[in-house]
Amino acid sequence: MEHYELLVIGGGPGGYEAALRAARLGLRTALAENRDLGGTCLNRGCIPTKSLLHAAELAVSLEKGGEWGIAAESLSVDFAALHRKKSEVTEKLRAGVEGLLKQKKVDVLRGTGTILAPGRVAVDGVEYGADHILIATGSVPARPPIPGLERAITSDEALSDQARAYRSLVIIGGGVIGVELACVYQALGCRVTIVEAMDRILPNMDREICQNMTMILKRRGVAVNTGCMVSAVEQDEDSLTVRYTCKDQPGEARGEAVLCAIGRRPNTVGLFGEGFSVDMERGRILVDDAFQTSAPGVYAIGDVSGKIQLAHAAAAQGVACVERLAGREPLVEVSLVPSCIYASPEIAAIGITADEAKAAGRAVKVGKALMSANGKTVIAAGERGFIKIVADASTGVILGAQLMCERASDMLSELTEAVVNGLTARQLARVMRPHPTFEEAVSAAVEDLLEKLEK
């Protein structure tokens, strides 16, 4: 029986990054994957979504070209060609992952990894031994027991090569997935309706961001219905009807298709053999601070065990777990997870918001810069946006930041670095940021923050 020091189950960002780190640290490593390497993020999530968003942004830019004297006549969207290009991107990146694993001599085991017992894993019937087993099987789209919801597509289908354009689409769920895909379909000429159960879309984000995004979507023609509980999805002659209740009043939304974007659930199908299990809570594998499950030598990271379902969180956790196994102190601070939403405009956040600080009884000051005063934003005709930086009222230490603007995801790392390292507003103010850039708005927000701290 082949034996490894580490056997990783799941080839997404968490799994393959963990396997690569283990190999670099000298551990004999194998990775089991029953689908394409790269997992949901590369094949059915982050990368395909951002590819489609890029295409949508190109279409919008061409439509606005007349403002600069650049006219594009007879603009049309070839949905099949768009998806072919998206597939080229994913295939190129997937080949890169495969090349790295081969280069680092990680054995890729094709098939479903099933844990038989601590130290024993079967991959499609072939048994392997392992000193350590790392579960990184990710998550799959959730489908709550709503009558008729089986008629809806999920993000998996919406991002597949068989996806097609729709004249109208109802999206159940106004979270990250729902809002990102709403931006894609609306920009490509589809009439979009969002139905969200909470009192606002993007309910886990800063309240002003939610309000701003709602206003922008509505201005673009997207119907946003919040506080609505879906009761059924019904098939009509040539469309689907989503029935819901809002403030005790019945309502409905019709579309050529319905997208279920209610969330994702941990993927544990086929993971445990007969007679073996680990402690779980509502489908999520429970782990300690070292990512150890209730079974000795069995670890779990990413969506299958974490409350925050993000690719970069899974990757950081996988690397940290392996570094601990190798007797090293993890380099990355895994408790502070940056969050990005690739809507238009982009949204990014780290740390706590002012509302969260207030709820915790912590006194803070907030510095804010409006992007309407930013040169690059004006040139790009960017939507209404802002940067907010939250600091401790007495020490000036940066506790969080919320951005809603062009290139927000690219600017977030500077502010994440500040939060992770406990930098103060005054230390951030020492940085000279180039002009004209989107990022110089950070300087404006810091200046506003310092003024409030010094009062």
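Preceding this section is the structure that the text describes.
Reference entry: report on the structure contained in this document. (Residues numbered from 1 in each chain as written. Predicted model: local features only at pLDDT ≥ 70, side-chain atom pairs only at ≥ 80, totals over all residues. Heavy atoms only, no water.)

Points about the overall build of the protein
A count of helical and extended segments in the protein gives 13 helices and 23 strands. For 455 residues, the compact-globule estimate of 2.2 N^0.38 gives 23 Å, and the protein sits close to it at 23 Å. Across its three principal axes, the protein shows a C-alpha extent of roughly 65 × 65 × 50 Å. Going through the 455 residues of the protein one by one, you find that 51% of them count as buried. Here the contacts in the protein between residues at least 6 apart in sequence split such that 63% fall between residues at least 24 apart. (Helix = DSSP H or I, 4+ residues; strand = E, 2+ residues; numbered from the N terminus. Rg over C-alpha atoms; globule rule 2.2 N^0.38 Å. Buried < 20%, exposed > 50% of the residue type's maximum accessible area, 1.4 Å probe, protein only. Contact = heavy atoms within 4.5 Å.)

Description of the sheet that holds strand β23 (residues 398-405)
Reading across from one edge, β19-β20-β23-β22-β21 is the order of the 5 strands in this open sheet, with antiparallel pairing throughout. Of all strands in the sheet, those bounded by a partner on one side alone are β19 (339-341) and β21 (364-370). Neighbour to neighbour, the strand axes of the sheet diverge by 10° on average, direction disregarded. With 6 bridges connecting them, strand β20 (residues 346-351) and β23 associate as antiparallel partners. Following the sheet pairing, A349 is matched in β23 by Q402. Lying on the sheet, helix α13 (residues 440-453) is in contact with β21, β22 (386-392) and β23; it crosses β21 at an angle near 145°. (Pairing = 2+ DSSP bridges. Axes fitted to C-alpha atoms, helices over the stretch in contact; angles between N-to-C directions.)

So, α13
For α13, which comprises 14 residues, the first-to-last C-alpha distance of 20 Å matches the rise-based estimate of 20 Å (1.5 Å per residue) to within 8%. Among all positions of α13, only E440, A441, V442, S443, A445, V446, D448, L449 and L450 are buried. Looking at the buried residues of α13, the elements they touch are β21, β22, β23, α11 (408-420) and α12 (425-429). (Expected span 1.5 Å × (residues − 1).)

Describing the environment of I352
Within the secondary structure, I352 sits in the loop between β20 and α9 (354-359). For I352, a relative accessible area of 27% gives the class partly exposed. Distance from I352 to G148, taken between C-alpha atoms, is 39 Å for residues 204 residues apart in sequence. Excluding residues that lie within four positions of it along the chain, I352 makes contacts with A357, V390, L399, G400, A401 and Q402.

Concerning the packing of aromatic side chains
Under the defined criterion, the tally for this structure stands at 4 aromatic pairs. A centroid spacing of 6.3 Å and a plane angle of 35° characterise the contact between F79 and Y185, whose relative ring orientation is tilted. Here F79, found in helix α4 (residues 79-103), pairs with Y185, found in helix α6 (residues 176-187); they are 106 residues apart in sequence, far enough to count as distant. Residue classification places F79 among the buried residues on the basis of a relative accessible area of 10%. Each ring, one from F272 and one from F276, has its centre 5.9 Å from the other, and the planes form 55°; the classification is tilted. A relative accessible area of 11% means that F276 is categorised as buried. Within the aromatic cluster, the residues linked to one another by ring pairs are F79, Y166 and Y185. (Phe/Tyr/Trp six-rings, centres within 6.5 Å; stacked < 30°, edge-to-face > 60°.)

Topic: unusual backbone geometry
Here S344 and P345 are connected by a cis peptide whose omega angle stands at 5°. Looking at where P345 falls in the secondary structure, it is placed in the loop between β19 and β20. With an omega dihedral of -5°, the bond running from H435 to P436 counts as a cis peptide bond. Topologically, P436 is positioned in the loop between α12 and α13. Phi angles above zero are rare outside glycine, and K247 is one such case at about 55°.

Some remarks on the pattern of salt bridges
Tallied over the full model, the rule gives 25 salt bridges. With a shortest N-O distance of 4.0 Å, D199 and R200 are connected by a salt bridge. The partner of R433 in a salt bridge is E414, and the shortest N-O contact between them spans 2.3 Å. Here R433 is found in the loop between α12 and α13, whereas its partner E414 is found in helix α11, with 19 residues between them in sequence. Summarising the burial analysis for this pair, R433 and E414 share the class buried. (Salt bridge = Lys/Arg side-chain N within 4 Å of Asp/Glu carboxyl O.)

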